[in-house]
Protein chains: 2
Amino acid sequence: MFNAKEQVDKIIDFIRSYYKNNNLGGVVIGISGGKDSGVVAGLFTKALGPENVLGVTLPCHSKEEDKEDAKLVANYYGFRLVNIDLTNSFDSFKDQINLLGNFNDQQLLNSDINIKPRMRMMSLYYMAALESAIKGKTYIVAGTGNKCEEYVGYFTKGGDSVSDIKILSDLTVSEVIKIGEELKVPEKVLYKTPNDGLSNQTDEDKLGVKYSDIEKYINNELLDENIKQRIEKLHKNAHHKFNIPTYKK
Amino acid sequence: MFNAKEQVDKIIDFIRSYYKNNNLGGVVIGISGGKDSGVVAGLFTKALGPENVLGVTLPCHSKEEDKEDAKLVANYYGFRLVNIDLTNSFDSFKDQINLLGNFNDQQLLNSDINIKPRMRMMSLYYMAALESAIKGKTYIVAGTGNKCEEYVGYFTKGGDSVSDIKILSDLTVSEVIKIGEELKVPEKVLYKTPNDGLSNQTDEDKLGVKYSDIEKYINNELLDENIKQRIEKLHKNAHHKFNIPTYKK
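Predicted model only: the values in this text are computed from it and were never measured.

> So, the overall build of chain A: which residues are in play, and what are the values?
Scanning chain A from terminus to terminus reveals 12 helices and five strands. Against the globule reference of 18 Å for 249 residues, chain A gives a C-alpha radius of gyration of 19 Å, in line with a compact fold. If one aligns the C-alpha atoms of chain A with their principal axes, the spans along those axes are about 50 × 50 × 50 Å. Split into buried and exposed, the 249 residues of chain A put 44% on the buried side.

> Residue-level account of the sheet that holds strand 1 (residues 24–30) of chain B, with values.
Residue and element names in this part refer to chain B. Strand order across the open sheet formed by five strands is 3-2-1-4-5, with parallel pairing between neighbours. On the outer flanks of this sheet lie strand 3 (80–83) and strand 5 (165–166), each paired with one strand and no other. Note: strand 4 (residues 138–143) against strand 5, two bridges, orientation parallel. What sits directly across from Gly143, in strand 5, is Lys166. On the sheet, helix 2 (residues 35–48) packs against strand 1, strand 2 (53–57) and strand 4 and is oriented at approximately 160 degrees with respect to strand 1.

> Tell me about unusual backbone geometry, and name the residues and values.
Residues and elements named next belong to chain A. We note that His61 has phi near 50 degrees; this positive angle belongs to a residue other than glycine. Inspection of the secondary structure puts His61 in the loop between strand 2 (53–57) and helix 3 (64–77). Among the residues examined, His61 registers 12 C-beta atoms within 10 Å and is labelled exposed. The backbone of Asn220 shows a phi angle near 60 degrees, a positive value even though the residue is not glycine. Along the chain, Asn220 turns up in the loop between helix 10 (211–218) and helix 11 (225–237). Residue class for Asn220 comes out exposed when judged on the 6 C-beta atoms lying within 10 Å of it.

> Quick one: what's the story with helix 2 of chain B, residue by residue and with numbers?
Residue and element names in this part refer to chain B. Taking 1.5 Å of rise per residue, 14 residues should cover 20 Å, and helix 2 covers 20 Å from first to last C-alpha, within 8% of that figure. The buried count for helix 2 comes to 12 of 14 residues, which makes it a mostly enclosed element. Here helix 2 has its buried residues at Lys35, Asp36, Ser37, Gly38, Val39, Val40, Ala41, Gly42, Leu43, Phe44, Thr45 and Ala47. With its phi angle positive at about 90 degrees, Gly49 sits one or two positions after the end of helix 2.

> How would you summarise the relation of the copies chain B and chain A if you had to cite specific residues and measurements?
Rotating chain B by 180 degrees and translating it 0.0 Å along the rotation axis places it on chain A, where the RMSD comes to 0.0 Å. Taken together, the rotation and translation relating the two chain copies correspond to the operation of a two-fold axis. Taking the C-alpha atom as reference, chain B places Ser89 of chain B closest to the rotation axis, 2.2 Å from it. A symmetric contact is evident, with 100% of the interface residues of chain B recurring at the interface of chain A.

> Give me the interface of chain B and chain A: which residues, what numbers.
On the chain A side, the residues contacting the 50 residues of chain B number 50 residues. Within the residue set of the side of chain B that touches chain A, elements represented by two or more residues are helix 1 (4–21), helix 4 (87–98), helix 5 (105–135) and strand 5 of chain B. Among the elements that make up the side of chain B that touches chain A, the one with the highest residue count is helix 5 of chain B (17 residues). Within the side of chain B that touches chain A, the residues separate by chemical class into 26 nonpolar, 15 polar and nine charged.

> So what about the sheet that holds strand 3 (residues 80–83) of chain A? Which residues, and what values?
All names here are of chain A. Pairing within the open sheet is parallel, and its five strands lie in the order 3-2-1-4-5. In this open sheet, the two strands that pair with only one neighbour each are strand 3 and strand 5 (165–166). Where strand 1 (residues 24–30) meets strand 4 (residues 138–143), four bridges bridge the pair, whose relative direction is parallel. The residue bridging Leu24 from the neighbouring strand is Thr138, located in strand 4.

> Break down the packing of helix 2 (residues 35–48) of chain A against helix 7 (residues 173–183) of chain A for me, citing the residues and quoting the values.
Residue and element names in this part refer to chain A. Following both chains from N to C, one finds helix 2 and helix 7 inclined at 50 degrees, their axes separated by 10 Å at the closest point. By the angle between their axes, helix 2 is oblique relative to helix 7. Classified by chirality, the crossing of helix 7 by helix 2 is left-handed. Taken together, the residues of helix 7 that come into contact with helix 2 (itself represented by Lys35, Asp36, Gly38, Val39, Gly42 and Leu43) are Val176, Ile177, Ile179, Gly180 and Leu183. Of the residues in the contact of helix 2 with helix 7, the class split is six nonpolar, three polar and two charged.

> Please set out the environment of Leu198 of chain B residue by residue, giving values where relevant.
Residue and element names in this part refer to chain B. Tracing the backbone shows Leu198 in the loop between helix 8 (187–190) and helix 9 (203–207). According to the C-beta neighbour criterion, Leu198 is partly exposed, with 17 such atoms within 10 Å. Between the C-alpha atoms of Leu198 and Thr246, which are 48 residues apart in sequence, the distance is 32 Å. Not counting chain neighbours up to four residues away, the residues in contact with Leu198 comprise Ile113 and Lys116.

> Account for the nonpolar core, with residues named and values stated.
If you look at the biggest cluster of nonpolar residues, it comprises 123 residues, and the most contacted ones within it are Val28 and Phe44 of chain A together with Val28 and Phe44 of chain B. If we skip the residues at most four places from it in the chain, Val28 of chain B touches Leu54, Val56, Leu124, Met127, Ala128, Glu131, Tyr139 and Val141 of chain B.

> I'd like to hear about the pairing of strand 2 of chain B, residue by residue, with values.
Residues and elements named next belong to chain B. Of all five residues in strand 2, five are buried, a share of seventy percent or more. Of the two faces of strand 2, the one holding Val53, Gly55 and Thr57 and the one holding Leu54 and Val56 are both buried throughout. Note: strand 1 against strand 2, four bridges, orientation parallel. Within the sheet, the bridge partner assigned to Ile29 lies in strand 2 and is Gly55.

The rules behind the values
Each chain carries its own residue numbering, running from 1 in the direction its sequence is written. Key to labels: chains lettered from A, ligands numbered from 1, both in the order written. With pLDDT at 70 or above as the cut-off, local features in this predicted model cover only qualifying residues; side-chain atom pairs require 80 or more to be listed or tallied, and sums for whole chains, interfaces and linings still use all residues. Elements are defined by DSSP. Helices are runs of H or I of four residues or more, strands are runs of E of two residues or more, and each kind is numbered from the N terminus. Values of the radius of gyration come from C-alpha atoms, whereas the globule rule sets the reference at 2.2 Å times the count of residues to the power 0.38. Here a residue counts as buried when 20 or more other C-beta atoms fall within 10 Å of its C-beta, as exposed when 12 or fewer do, and as partly exposed in between; the C-beta atoms come from the backbone. Only strands that DSSP links by at least two bridges are regarded as paired with each other. Any pair of residues counts as being in contact when their C-beta atoms, constructed from backbone geometry, are within 7 Å of one another. Axis definition: a line fit to C-alpha positions, over the contact stretch in the case of helices; interaxial angles, taken between N-to-C directions, run 0 to 180 degrees. Here the expected span of a helix is defined as 1.5 Å times the quantity of residues minus one. The copies were overlaid with a least-squares fit restricted to C-alpha atoms from residues scoring a pLDDT of at least 70 in each copy. Under the scheme applied here, ten amino acids are nonpolar (Ala, Val, Leu, Ile, Met, Phe, Trp, Tyr, Cys and Pro), four are charged (Asp, Glu, Lys and Arg), and all others, including Gly, are polar. Oblique is the label for any angle not under 35 degrees, not over 145, and not in the 65 to 115 range, which are roughly parallel, roughly antiparallel and roughly perpendicular in turn. Handedness of a crossing follows from how the near helix is turned relative to the far one, being left-handed for an anticlockwise turn of less than a right angle and right-handed for a clockwise one. Only buried residues count toward a nonpolar core: Ala, Val, Leu, Ile, Met, Phe, Trp, Tyr and Cys, linked into one set through C-beta atoms within 7 Å.

Written as structure tokens, this is what we have:
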């Protein structure tokens, strides 16, 4: 039986011991307004104290609403939240792409969706290096991916997959929510339907499977053969994100 | 004894077989004007044909000279080279940072240096997804890191370390140069003193060790204890770039 309180204590120990052993100072977390970053923020605030947590909102042609939900999290836990609007930087980049040719929306779809998580990663590392220089102690970037997302490769290589410490990677969606309840993550954030904020689709629409089914699959409890095959296919197709072919002489 | 001709054949086989097994179309390579990307471009052009190679120059407040050297490579091998100037996108990002406070050059130094390889990675993946959509066959991003650089962690996490295929990772600097001679990479590019184009220092100045010594170390031929310790320290300090601490429940 999953014991959320016990897990919270163990994760806090894990964070504290890694920080102590490596003489680290603080953490930078991208706060999307969704449950995963809310839970990660709650855990780091408890482990390090709010004064060592920096949250960052990273809108890019985004809804204001996500920023408001990020503020709910920051206000509840009491850590500093800064905003870096990536819209102009993205648009300047796109101006350069437009110099290369006339591309239609369909051709640009995947490029435009996946550049944003990469710009966000780059921004979080920018802030981590800047905080490290200002505070004179090393800040690192926390990952927010959970076990279900990672299993089906639902992340952008070089984007949200890049981080310095991962605390949710072994926890399924329902386990993350239980931890969030234990940590009292604001309900609006914790129970929000997961979406990437990029494609106007929910995660489950994009994946074509439900997180609850991925979770059952991981726990060997999934019975439906069609859904099983779909999950296995997603996992197999994500293989290249984990294993980079490397020539050996 | 290192046989450059034999290695060229083996690398070409490696590339072709990976492309065939995964039904891939082409490759995107960031062309810096230095030897590593020159050698990678030569190998991919021979393996896939120049029509399936897209080179990208990615200046960001950069010297025009690097772009000219990239053209030497593209012209010699006959692949298409496009330019994406990241200067405006970088400046727009910096405008947002300036809204957060007044930071001095020393505080911004590491942030400003490391954001550029990340912007370049993001641009290469942008072009790979765009080419894939246009050509209807998958383009992937080639890494250009060599064995000496990787051993001492001389790369930016989430930047030049992110790629879809790595062909130089098991080759030392002198081996890369021998392969470049075999491939007739333009001499100006092949024998250029390696520098990151970011910090106004050569790689060796920044590292505090010579590539030839890293190579000797890798080959168990290095005698000087002080240099040995310096290399071991660099390697140890890079540990966190390869091993992300991950909580297990």
